[in-house]
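# Descriptive structure summary
For reference, the chains in residue letters:
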Amino acid sequence: MKYCPLCRSELKDRTIDGRTRLGCSSAECRFVHWDNPIPVVASLVRMPDGYVLARNASWPVGLFSFLTGFIDRGETPESAAVRETQEELGVRAHSAQLIGHFPLTQLNQLVIAYEVRADGELKLADEIAEVKVVSSTELAAFDFGPLRLTSEIVSWWTKLGGVEGQADSAAIRALLQTYEAAINRRDVEAAVATYLPDADVWVVGYDRIVGIDAIRQNEQRVASSPGFEGWATSVDAIRFVGADVAVVESTGTVTIGGGRIAERLTWVVNRTAAGWRIAAVRIMSFQRVGS
Ligand SMILES: [Zn+2]
């Protein structure tokens, strides 16, 4: 930019609030070229059989990354991530979980990255030359070449536990499934036996919708669930990490045929288009507390 778009005078460096900005040289015109970054949405698409990496038709062979796109006027970044996924891959996208915000200085963009869960058959748009579907292990080790921000986002997401494949979280997920199966069979001993006393690990991608708004509004109490004699969870603390992610500390009791179990869980929940979703669960304890 060389000339003022308002009065056509030349643009010159000006000091505004201690920072150098390009501004109009005319004393009557107050135009400043702020040059703020433009938000861009990046979707790491996760299908049932793996993560989808795409090569844009204008990119060299061998270069793959997430899907990216701009946000339409009035659209939330989350809906943009879902829309881009559907438009570019032809699949059905059903949730977008925030990975984080990343400045891309070279392009003066702010990349808002999401993991988008999708399924269905891939029908690529013209702008996508090809895709690769990779496992979590392949994703973590993938060579994104010069696309350093893509690698950075993948490492960040892996560190947060978003990319599955770590043995621990798979083991804990299996454990939680065993616990729920035992609960469903009303086998209190088996349910309690699933607790790992030293488990300092989280279940990720747990994928259960919860009524966090209901929890907050109704004296932090979740209604009992049909099938059990009683299931009450009280929320001891909700800590919001931004507007769309919260860490919930909960204690609950499950009363089933053979007795009563006290459970202490920490959840990480995030807001998706479909509602609040449990993104991760940490098992603190399952304990038998009587018959
Ligand atoms: Zn001007």
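Just so it is clear, the structure is predicted and the values come from calculations on it, not from any experiment. (Residues numbered from 1 in each chain as written. Predicted model: local features only at pLDDT ≥ 70, side-chain atom pairs only at ≥ 80, totals over all residues.)

Across its full length, the chain carries six helices and 15 strands. Burial analysis of the chain (291 residues in total) assigns 28% to the buried set. Sequence-distant contacts in the chain: of pairs separated by 6 or more residues, those separated by 24 or more amount to 57%. (Helix = DSSP H or I, 4+ residues; strand = E, 2+ residues; numbered from the N terminus. Buried ≥ 20, exposed ≤ 12 C-beta atoms within 10 Å, placed from the backbone. Contact = placed C-beta atoms within 7 Å.)

Compared with the 16 Å implied by 1.5 Å per residue over twelve residues, the 16 Å span of helix α3 (residues 148-159) between its first and last C-alpha is a close match. Where α3 is buried, its residues contact β4 (38-47), β7 (92-104), β8 (109-119) and α2 (136-141). (Expected span 1.5 Å × (residues − 1).)

The sheet built from three strands is open, its strands ordered β1-β2-β3 with antiparallel pairing. Each edge of the open sheet is held by one strand with a lone partner, namely β1 (11-16) and β3 (32-33). When strand β2 (residues 19-24) meets β3, the two strands line up antiparallel, connected through two bridges. Bridge pairing in β3 places L22 opposite H33. (Pairing = 2+ DSSP bridges.)

What follows covers the nonpolar core. Core analysis: the largest hydrophobic core is formed by 30 residues, its most contacted members being L44, V45, A81, A113, Y114 and V116. Looking at this core, the elements with two or more residues in it are β4, β5 (50-56), α1 (77-89), β7, β8 and α3. Examining the composition of this core, we find that six residues originate from one element, β8, more than from any other. If sequence neighbours within four positions are ignored, V45 has contacts with Y51, V52, L67, T85, L89, V116 and A118. Among the nonpolar cores identified, the runner-up in size contains ten residues, and V188, A191, V254 and I261 belong to it. (Core = buried A, V, L, I, M, F, W, Y, C linked by C-beta atoms within 7 Å.)

With 13 residues, α1 should reach 18 Å at 1.5 Å per residue; the first-to-last C-alpha distance of 18 Å fits that figure. Those residues of α1 that sit buried are E78, A80, A81, V82, E84, T85, E88 and L89. Within two residues after α1, G90 carries a phi angle of roughly 70°, on the positive side.

Our next topic: the pairing of β7. Pairing between β7 and β8: eleven bridges, direction antiparallel. If you follow F102 over to β8, its bridge partner there is V111.

The next point concerns the confidence of the model for the chain. Averaged over all residues, the pLDDT of the chain is 79; the fraction at 70 or higher stands at 76%. Per-element confidence in the chain ranges from a low mean pLDDT of 37 for strand β11 (residues 221-222) to a high of 96 for strand β6 (residues 67-70). Confidence drops under a pLDDT of 50 for residues 214-228, and excluding neighbours within four residues, the segment shows 17 contacts in the predicted structure. (pLDDT = per-residue confidence, 0-100.)

With that settled, consider the environment of L124. For L124, the location among the structural elements is in the loop between β8 and β9 (128-134). As for L124 and Q86, which are separated by 38 residues in sequence, their C-alpha atoms are 9.5 Å apart. In this structure, L124 is in contact with L89, G90 and V131, ignoring residues within four places of it in sequence.

What follows covers unusual backbone geometry. Positioned with a positive phi, D17 is a non-glycine residue whose angle comes to about 50°. Counting through the fold element by element, D17 comes out in the loop between β1 and β2.

A word on the environment of R260. Its location among the elements puts R260 in strand β14 (residues 259-272). Looking at R260, the number of C-beta atoms within 10 Å reads 16, which means it is partly exposed. As for R260 and R288, which are separated by 28 residues in sequence, their C-alpha atoms are 5.9 Å apart.

Counting through the fold element by element, G69 comes out in strand β6. A C-alpha to C-alpha distance of 5.8 Å links G69 and V40, two positions 29 residues apart in sequence. Those residues in contact with G69, other than ones at most four positions away along the chain, are V41, A80 and E84.

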